[in-house]
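# Summary of structural features
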Amino acid sequence: MRWDGQRADRVGQQALPGLPGLVRSVRAPEFSGVVFHEVLAKSVLNRVPGGSPPPFEWTVNPYRGCSHACSYCLHGDTPVLMADGTTRPLADLRVGDRIYGTERRGSYRHYVPTVVQAHWSTVKPAHRVTLADGTQLIASGDHRFLTERGWKHVTGAISGPDRRPHLTVGNKLMGTGSFAPAPKDTLDYRRGYLTGVARGDGGPPRPAQAAARVAEYLTNDSGLTLPLDWPRTPTDEWRKGLLAGVFDVDGTFAHRILRLPNLGETTLTAVLSALEHFGFHAAVEERRLPNARRCVRVDGGLPEHLRFFHTADPAVTAKRTIDNAAIKSPARLDVVAIEPLGLDLPLYDITTGTSDFIANGVVSHNCFARGSHTHLDMDAGQDFNTQVVVKLNAAQVLNRQLHSPTWPRAHVAMGTNTDPYQRAEGRYGLMPGIIRALRESGTPFSILTKGTLLSRDLPVLAAAAKDVPVGLGVSLALLDEDLQRSLEPGTPSPRARLELVKRITDAGLPCGVFVAPVLPGLTDSVEQLDALLREIAQAGATGVTVLPLHLRPGAREWFAGWLAREHPLLVPLYRRIYGRGSTAASGYRAALAARVGPLVRRHRLERGGADRWPEGSMPGAAGTVEVREDQLTLL
């Protein structure tokens, strides 16, 4: 098939004749289902809004969209407070979702519903902010949090070009305090919920959401029937289910007071025991109720009420809203440490109608928005994979921009939005000209890729490294090629990527590796990780970053079907680890960290090669290892 014949008027509805600078829209047999929209760009050097410090103040993206077509992506797991009182990982949010932001009224801010207007991800240098209650937040240095003294960036300076308000030890963040993890959808949780519903007032649940949950629990293959016996030794999940069922039937949350009324003696004892077990302060109100029923009040204000809702997860979301509540921060949101991690991580952000959102109980400001495909009236999902915009004149335009007398020769990052060495680069060959333009202008740069096509440009990269700092990073999750082909169609094989790492390091260039995502029961054994890290070390990698599988909506359903078909015996394991959420349970993440640490040290990936990295380069820098653990979240 000749590409010259694939004009914009010949590819049907997939052509985008309204795209600025469009030359033509074309197909090719080797890219099944993908349309390339060739454009003449006016600018390819993009400044990241928000005054980001090097190396990610500037980006170059010769492509919009990506032809790799991976079956899963790595996303942040920071819980964001939704407008119905539930939480959802930041990476799983979508444009149009209703969440909570804040609104100033006089001297106070209040929680108000708002709408997600844009959502995107990037790779940036990461910092850890630790609070007095033990919560750890991972954010870029540009991210801003609301403190008792106003908005402050994570990092900054008191003088010079980086001068800006920034966090220091002792600052107090504003918000509700960290969110409790949701319960797992286990048989014990379901038994507790059904018991709470039946014992609340002895009658059928009136709210539709509660009735639907009861019907689900009684009609699936779990074998549950009413009535249920009280357990002799209740588990944590049973206690959570009990509290959720009692709240759904009769609980109230009016005027910022949370009550569990209409309790008989047996239920009262069980409810008080469950609340005490989870550290809630509760009181039995002294007032007369029919049939000697009692009422329990949960104290502690909004932070404790949200903790109750997130711990128990009642079905009736209409009774969980916090609209118009004033912000009153808990006493333990003081900053105790701000630390650079020394590596770059995938980080996520959104734009909302209020310009802020509640991230793991902390009021967080929008940083910037660059949802490139949504700006072209295309979605960031399937369109991102199949509608690829190619900037034909990227090298020429970049060369002109870099030779402007006002260009400060700041660090330029590539691969932070789309992979510059995706398969399309093999046909268009835009990167050599881009690298030469950066070198000739004296501009330092870094590249993150999973495309082995980078090896084609090693001579020009090595030449550039003699004149400017260059950093490179490669993504590699596993060694099993059969597994890789089924999960990452369109990407180079593991062996090919290991060879890429070796070629990069043999050329005298630093190379960090993302070991991500680790798949429970498939790629997470000591033997498998040991073999992978051994291969990575032998290839000469500078350092590794280890991340477990994240099952975002869409990918979750696809992966569940694949797992049931290919590895049905592992389905119960994944249910235990992921439950109804997208993020692996904290216990699994901690176990993975304990498993990986000794292996990293064994293969000398923990501190090896730090001196080979240019200042402020790519992931895996300075031979670091990072495994997400308890309370560690990404922004």
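See the structure printed just above.
The following refers to the structure shown. These numbers were taken from a predicted model, which means no experiment stands behind them. (Residues numbered from 1 in each chain as written. Predicted model: local features only at pLDDT ≥ 70, side-chain atom pairs only at ≥ 80, totals over all residues. Heavy atoms only, no water.)

### Looking at the packing of aromatic side chains
Considering all chains together, one arrives at 10 aromatic pairs under this definition. Here Trp58 and Trp407 contribute two aromatic rings whose centre-to-centre distance is 5.0 Å and whose plane-to-plane angle is 80°, an arrangement assigned as edge-to-face. Of the two residues, Trp58 is situated in strand 4 (residues 58–60) and Trp407 in the loop between helix 7 (394–402) and strand 21 (412–414); the sequence distance between them amounts to 349 residues. An angle of 15° between the planes, with centres 5.9 Å apart, marks the rings of Tyr574 and Tyr578 as stacked. One end of the pair, Tyr574, and the other, Tyr578, are both in helix 15 (residues 571–578), 4 residues apart, so they sit about a helical turn from each other. Comparing Tyr574 with Tyr578 shows no difference in burial state: the two are buried. Of the aromatic side chains, those joined through ring pairs into one cluster are Phe247, Phe253, Phe280, Phe308 and Phe309. Here the basic side chain of Lys319 rests over the ring of Phe247, its NZ or CZ set 4.7 Å away from the ring centre. (Phe/Tyr/Trp six-rings, centres within 6.5 Å; stacked < 30°, edge-to-face > 60°. Helix = DSSP H or I, 4+ residues; strand = E, 2+ residues; numbered from the N terminus. Buried < 20%, exposed > 50% of the residue type's maximum accessible area, 1.4 Å probe, protein only. Lys NZ or Arg CZ within 6 Å of the ring centre and 35° of its normal.)

### Some remarks on the environment of His411
Within the secondary structure, His411 sits in the loop between helix 7 and strand 21. Once the C-alpha coordinates of His411 and Pro444 are considered, the two residues, 33 residues apart in sequence, prove to be 4.8 Å apart.

### Some points on unusual backbone geometry
Located in the positive-phi region is His255, a residue other than glycine, with phi close to 55°. Tracing the backbone shows His255 in the loop between strand 13 (252–254) and strand 14 (257–263).

### A closer look at the packing of helix 3 (residues 236–250) against helix 5 (residues 301–312)
Close contact between helix 3 and helix 5 brings their axes to 8 Å; oriented N to C, the two are set at 110°. Accordingly, the angle class assigned to the pair helix 3 and helix 5 is roughly perpendicular. Facing Lys240, Leu243, Ala244 and Phe247 of helix 3, the residues of helix 5 in contact are Phe308, Phe309, Thr311 and Ala312. (Axes fitted to C-alpha atoms, helices over the stretch in contact; angles between N-to-C directions. Parallel < 35°, antiparallel > 145°, perpendicular 65-115°, else oblique. Contact = heavy atoms within 4.5 Å.)

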